[in-house]
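# Secondary and tertiary structure notes
Listed below are the residues making up each chain.
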Amino acid sequence: MLYLTSDDFPVFVPFGVIGFYRYLWYLIRIAASFTYRPIPLPENPTYIASEDVTIIVPTIDAGEEFKEAANSWLVGKPKEILIITEERMKGPLQELANQVDPDRIRVLTVPFANKRLQMAHGIRNTTTDIIVFADDDAIWPPTMLPYILACFEDQKVGGVGTSQRVQPVGKKMTVWEVLAAFRLTIRNIEIASSTHIDGGIPCLSGRTAAYRTIILKDPEFLHGFTHDYWLGKYQLNSGDDKFLTRWMVSHGWSTYVQCCKEAELLSTMKPNWRFLKQVLRWTRNTWRSDLRSLFMERHIWTSHPYVAYTMVDKLFNPLTLLVGPTLVSYLIYKSTIPLDQGGYHLPWWNIVASYMVWLLATRTAKLLPHLWHQPEHIIYVPAFIIFGYYFAIMKIYALFTLHETAWGTRAGIGDPTTATAAAADTGKDPVSSSEKGEYMGTSIISPQPHTPRSYYTPAVEMQTGFAPQAAYGGQTAYVR
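An account of the accompanying structure is given in this report. The shown structure was predicted, so the numbers you read here are calculated from the model rather than taken from an experiment.

### Looking at the overall build of the protein chain
Per the secondary structure count, the protein chain includes 18 helices and ten strands. Per-residue burial for the protein chain yields a buried fraction of 53% across its 480 residues. Relative to all contacts within the protein chain whose residues are 6 or more apart in sequence, the contacts with residues 24 or more apart total 82%. About 21,800 Å² of surface is accessible on the protein chain, with carbon and sulfur atoms providing 63% of the total.

The structure is reproduced here in structure tokens:
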């Protein structure tokens, strides 16, 4: 590489510094993730899943994969599972619920599909101390709930997350699913390291996350959660997990992430090009949330400075990533000019080959934690490199289209403003006038000691059926 830069070495020093800086911090994250330790199970737990846990699952199109996921949740013996859907999907989902466990699964509805309204409706119908939100395809290991509840032994902890892996839709992962698996491996390292370094995390992923019910029952939270606007103009439907994480930080609650096999969920990803639409939605949510955390709310700077640093780093990441190909393009151009006219000594193909070798070596090294367990995925490293540059351009595009709030990958999810108005008209407003009176003066702004509470118990909106309970056969739903 020194030979490559021998013509005008000082020009390349800043770019070398950027590369050194990025990989130094990557090594720091790796070291922190190796020294991280999950919270062990207590000998005498304060919380018992069968008494203290309600699982809330907002969905509109759950299929057969829901039954596998629901069976894995039931192994942990939660008190209740609430499936929140739109009214037109009540019948099909009730049928699925009856096939799994009609006694512990209840199906409730909102007028229109809107994830935040569905989650808020589930919160209002919860009577336990702990709420666990889960995607309808999230498959849990049998030890998931005990390991989540272990974190709540610390009364300052308000939210708990988990590590994740990709569950292929078919028999074999597509290239899109492998790319998602690469991203999740890197994410698992990042959340373990940030949790170890300063106890924070950029986002408690909505695929599975647990919270104290007393926090989410707060009318101030419910109103803000369902009336969340970007720039005061564009109402948000997705990004619910970002909002919840920021709420924990701004209201003085700690968070923790259990990064271990005992609390590692399996989740499906889009097995085709629609994965890119998922990534675009997630990227917009990240931009909005990080900008709010850093420059509007600003609690993150004092509560979790390392997480604040990672957010700032991500703001500039697209630009630093695109520096490489820009510089290589410049070198190729200079290589076509004769040496006596200021050109470079190396032919263009030598520059390209050197750059390709560098990319393959560094990206493979970055993916070693994943490739150690699935070495057959090494053939997808070139696809990961291409995706990285595409993602950098996508991040810039997403920054200039933050006003677009559509879901993007699910049909039937309409305008959140319309859904919110419809919920209010039908009496399913997340914060009704009676509740505002009931909870007046009880805004939760800081951690409180655990004490038994009597939550408002809503009227039963529908009776579950009495179809025979689906046999589970004692098999473990978590298959590696």
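### Remarks on the packing of helix α7 (residues 175-198) against helix α13 (residues 305-335)
Where α7 contacts α13, the two axes come as close as 8 Å, and the packing angle between them is 140°. When the axes of α7 and α13 are compared, the pair comes out oblique. When α7 is examined against α13, the residues E190, S193, S194, I197 and D198 are found in contact with a partner set consisting of P305, Y306, V307 and K314. Broken down by class, the residue content of the contact of α7 with α13 amounts to four nonpolar, two polar and three charged.

### Digging into the environment of L222
One can find L222 in helix α9 (residues 219-226). For the pair L222 and R124, spaced 98 residues apart in the sequence, the C-alpha separation amounts to 9.3 Å.

### Quick word on the packing of aromatic side chains
According to the stated counting rule, one finds 18 aromatic pairs in the structure shown. Ring plane angle 80° and centroid distance 5.5 Å describe the contact between F182 and F384, whose orientation is recorded as edge-to-face. On the criterion of sequence distance, the pair formed by F182 in helix α7 and F384 in helix α16 (residues 381-399) is long-range, its members being 202 residues apart. Pairwise contacts between aromatic rings join F275, W282, F387, Y390 and F391 into one cluster. Across from the ring centre of F391, 5.2 Å away, lies the NZ or CZ of R183, which sits over that ring.

### Considering the pattern of salt bridges
Across all of its chains, the model carries eleven salt bridges by this definition. Close ionic contact of R104 with D101 constitutes a salt bridge, the shortest N to O distance being 3.1 Å. Overall, D101 belongs to the buried group, its relative accessible area being 2%. Each of R116, D228 and R292 takes part in a single network of salt bridges with overlapping partners.

### Focus on the nonpolar core
I55, W73, F133, W140, F152, L216 and F221 are the most contacted members of the largest nonpolar core, which has 71 residues in total. Among the elements that line this core, the one with the most residues is helix α6 (residues 144-151), at six residues. The next biggest cluster of nonpolar side chains, apart from the first, holds 44 residues, and it includes V249, L280, L346 and F387.

### Quick notes on a nonpolar patch on the surface
On the surface, a nonpolar cluster with roughly 360 Å² of combined accessible area is contributed by F20, L24, I28 and I197. Following the sequence through the fold, I28 ends up in helix α1 (residues 9-35). Assessed through its relative accessible area of 33%, I28 is described here as partly exposed.

### Some words on the pairing of strand β6 (residues 208-212)
Across a regular strand the side chains alternate sides, sitting on one face of the sheet and then on the other. Counting buried positions along β6 yields five of five residues, so the element is predominantly enclosed. The two faces of β6 match: T208, A210 and R212 on one face and A209 and Y211 on the other face are all buried. As defined by bridge partners, strand β4 (residues 130-134) adjoins β6 across five bridges and the pair is classed as antiparallel. When the sheet's bridge partners are listed, F133 is paired in β6 with A209.

Reading the values: the criteria
Residues numbered from 1 in each chain as written. Predicted model: local features only at pLDDT ≥ 70, side-chain atom pairs only at ≥ 80, totals over all residues. Heavy atoms only, no water. Helix = DSSP H or I, 4+ residues; strand = E, 2+ residues; numbered from the N terminus. Buried < 20%, exposed > 50% of the residue type's maximum accessible area, 1.4 Å probe, protein only. Contact = heavy atoms within 4.5 Å. Areas by Shrake-Rupley, 256 points an atom, 1.4 Å probe, with all protein chains shown as cover. Axes fitted to C-alpha atoms, helices over the stretch in contact; angles between N-to-C directions. Parallel < 35°, antiparallel > 145°, perpendicular 65-115°, else oblique. Nonpolar A, V, L, I, M, F, W, Y, C, P; charged D, E, K, R; others polar. Phe/Tyr/Trp six-rings, centres within 6.5 Å; stacked < 30°, edge-to-face > 60°. Lys NZ or Arg CZ within 6 Å of the ring centre and 35° of its normal. Salt bridge = Lys/Arg side-chain N within 4 Å of Asp/Glu carboxyl O. Core = buried A, V, L, I, M, F, W, Y, C linked by side-chain atoms within 4.5 Å. Patch = residues over 30% accessible without salt bridge, like charges linked within 9 Å, V, L, I, M, F, W, Y side chains within 5 Å. Pairing = 2+ DSSP bridges.

It is worth stressing that arrangement in space is one thing and function is another; only the former is reported here.
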